[in-house]
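Next come the chains, spelled out residue by residue.
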Amino acid sequence: MHANNSLRFRVQPGGSLLGRIRVAGDKSISHRSIMLGAIAEGVTRISGFLEGEDSLATLNAFRAMGVDIEGPDNGRVVVHGVGLHGLKAPAAALDLGNSGTSMRLLSGLLCGQDFDVELVGDASLMSRPMRRVTEPLAAMGAQIVTTEKGTAPLRIRGGQTLKGIDYVMPVASAQVKSCLLLAGLYAEGRTCVTEPAPTRDHTERMLSGMGYTVEVDQGRICLEGGGVLQACDIDVPGDISSAAFFLVGASIAPGSDLVIEHVGVNPTRTGVLDILRLMGANIEIFNRREVGGEPVADLRVRSARLRGIDIPVELVPLAIDEFPVLFVAAACAEGRTVLTGAEELRVKESDRIQVMADGLQALGIQARATPDGMIIDGGVADGGVVDSRGDHRIAMSFAMAAVRARSAIEIQDCANVNTSFPGFVELAAGAGLTIVAEVGE
Ligand code: S3P
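The model shown is predicted, which means the values in this text are computed figures rather than measured ones. (Residues numbered from 1 in each chain as written. Predicted model: local features only at pLDDT ≥ 70, side-chain atom pairs only at ≥ 80, totals over all residues. Heavy atoms only, no water.)

1. Thoughts on the state of the cysteines
A full pass over the atoms with the stated rule returns 1 disulfide. Across a sulfur-sulfur distance of 2.2 Å, cysteine 192 and cysteine 222 are joined as a disulfide pair. Looking along the S-S bond of the cysteine 192-cysteine 222 disulfide, the torsion reads about 115 degrees, which is the right-handed sense. Highlighted residues: cysteine 192 in strand β11 (residues 190-194) and cysteine 222 in strand β13 (residues 220-224), separated in sequence by 30 residues. (Disulfide = S-S within 2.5 Å. Helix = DSSP H or I, 4+ residues; strand = E, 2+ residues; numbered from the N terminus.)

Set out below in structure tokens:
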């Protein structure tokens, strides 16, 4: 289906991860920097922008809607904001590739415009659930047509009058929360969203950073429509979700000692640190500072003997993107790890419960998929071939598993690593992983 599904990683066992590295910019913040910069008044200067396919899909969508955007050039992007009502109708459907964040956040931002727009994406994105956003948006007065299954293409009818709602989210989802807050900017009156558990709060922080009043009170987030966003400078920290591969790789590879610099450690994102520490990981957080309203730190990780745990369910939304690599940590740990309460993993870029269970089993690890999680008994992985099913995070997770395997691991369908972490192979190789990328049948 995708043009480049013949990209494979081949990773040899052994080696340690050593030195100092900086991972790619935060994907969530990169998306939002373009979206909010575009509808702000004035010029937003971004540094550390993630030049991955997902955030570039967002950037190109706003260019297609008439926003003048310079770059990206080495992580620098300059967005000339057009204000809340300055976007123009795009000439064609907006293709958002593999990016769920682009589609869900844009559906909220675009349903209050005075033009029609259609949102499409790749095969994975076109099969992901969109009713979680279209239903509450419809309650605000939006007109959005999906397929019968509730999937994209999303056909958004412009010129609607939106009204604020008070919405209690059935799932803990930062994408749904952010979608409704963005629609709320265009709505009459007050929009409130209540989340069942804390999720990443970059939208709230960045709106506030641009001078927009957002009230947050115990899981209920409210704003009034019709305000103004003031452009500002945005320094995007390293993505803790990308750092996670190296946190696990260095924990499981004997003799490792790795520093990951300038990582975003927003408390709504650090579940992976808590879970790894509960498993016995040796991770030091130092040089804590605040950069543009987001906490940032350097992380030092050294090899450690990991043990299996029951993952506390309240940490699940705070580590939602890190479970593929946490499953690899569990596969290398002593004893049993049990994850529950994570059914959301089944509707990510792939069904991450099934695809990870299949891959771990192919390597001889005892891993049992359950409806909402996984039960993994730690052991020694064999070498072999695993299929990432075009899921970036699964490809990178199995690359790290190879350091402790009996022989080489080949990972198929890896091109989508470029959606979130361009340069992964080079960075991992530089730190000590014996990894090559190969193109071929
Ligand atoms: C994201 C929210 C999460 C996460 C995704 C990025 C965001 O999705 O998995 O990678 O930037 O808001 P959900 O809101 O669906 O959990």
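There's more to say after this.
2. As for unusual backbone geometry
Negative phi characterises most residues that are not glycine, and trans characterises most peptide bonds. The linkage connecting glycine 71 with the following residue, proline 72, adopts the cis geometry, with an omega of 5 degrees. Positionally, proline 72 belongs in strand β4 (residues 68-73). A cis amide bond links alanine 152 to the next residue, proline 153, at an omega of 5 degrees. Backbone geometry places histidine 262, a non-glycine residue, at a positive phi of 60 degrees. With respect to the helices and strands, the residue histidine 262 is situated in strand β15 (residues 257-264). According to the relative accessible area criterion, histidine 262 is buried, its value standing at 8%. In this structure, aspartate 413 is a non-glycine residue whose phi angle is positive, near 65 degrees. (Buried < 20%, exposed > 50% of the residue type's maximum accessible area, 1.4 Å probe, protein only.)

3. Considering the domain arrangement of the chain
The domain architecture assigned to the chain consists of domain 1 (3-25 + 237-439) and domain 2 (27-235). On a C-alpha basis, the centroid separation for the pair domain 1 and domain 2 is 28 Å. On the side of domain 2, 24 residues touch domain 1, which itself brings 28 residues to the contact. Across the interface of domain 1 and domain 2, roughly 2200 Å² is buried in total on both sides, 46% from carbon and sulfur atoms. Three residues stand out in domain 1 for area buried against domain 2, namely Arg269, Glu349 and Thr419, and they jointly supply 23% of the buried area on that side. In this assembly, domain 1 and domain 2 are joined by 3 salt bridges. Residue arginine 128 is joined to glutamate 349 by a salt bridge in which the shortest nitrogen-to-oxygen separation is 4.0 Å. Contributing elements (two or more residues each) for the side of domain 1 that touches domain 2: β17 (294-302), α11 (392-401) and α12 (417-420). Counting residues per element, the side of domain 1 that touches domain 2 draws most heavily on α12, which supplies 3 residues. Residue composition of the side of domain 1 that touches domain 2, grouped by class: 10 nonpolar, 10 polar and 8 charged. (Domains from an automatic or database assignment. Contact = heavy atoms within 4.5 Å. Buried area = accessible area lost by both parts, 1.4 Å probe. Salt bridge = Lys/Arg side-chain N within 4 Å of Asp/Glu carboxyl O. Nonpolar A, V, L, I, M, F, W, Y, C, P; charged D, E, K, R; others polar.)

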